[in-house]
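Here is how the chains run, residue by residue.
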Amino acid sequence: MSARWCDRQVELSRQFVNRELSGEDYGVEFFLAQSEGSRANEWLGETLGGLINDLLFDLSNHSPFDEERTADQMDDEQLRTVVAQHLTDYEAGRYGPVPDEHRG
């Protein structure tokens, strides 16, 4: 099964980190790809699923608009830093299955 829309979300995240997308455009495009992936019934493995879940969580705690941002929301620069770390972790293989000896 394809992960086309999830791959698109990863690419959008890279573009955001590289300042090719504003925070507003990143959020809109990311959620659009999320909706399309849901409609396509994409199935994600644990690795890609973990990354996408973290990115969704962080985007839900972000506002690109200074006048609308609450104290507990990230601005674009804070989000960019967090997204960059998630991508680094993903590319380093730190989103894989948790070995049994590390489970609680």
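Keep in mind the model is a prediction, meaning the values are calculated, not measured.

### Some thoughts on the packing of aromatic side chains
Counting across every chain of the model gives 4 aromatic pairs. Ring centres of Phe-16 and Tyr-26 lie 4.6 Å apart, and the angle between their planes is 5 degrees; on these two criteria the pair is classed as stacked. Here Tyr-26 lies in helix α2 (residues 23-39) and Phe-16 lies in helix α1 (residues 4-17), a separation of 10 residues in the sequence. With respect to class, Phe-16 is no different from Tyr-26; both count as buried.

### Examining the environment of Leu-59
Mapped onto the elements, Leu-59 comes out in helix α3 (residues 46-60). With 23 residues separating them in the primary sequence, Leu-59 and Val-82 have C-alpha atoms 10.0 Å apart. Contacts of Leu-59, omitting those with residues within four sequence positions, involve Tyr-26, Gly-27, Phe-30, Phe-31 and Leu-79.

Analysis parameters
- Residues numbered from 1 in each chain as written.
- Predicted model: local features only at pLDDT ≥ 70, side-chain atom pairs only at ≥ 80, totals over all residues.
- Heavy atoms only, no water.
- Phe/Tyr/Trp six-rings, centres within 6.5 Å; stacked < 30°, edge-to-face > 60°.
- Helix = DSSP H or I, 4+ residues; strand = E, 2+ residues; numbered from the N terminus.
- Buried < 20%, exposed > 50% of the residue type's maximum accessible area, 1.4 Å probe, protein only.
- Contact = heavy atoms within 4.5 Å.

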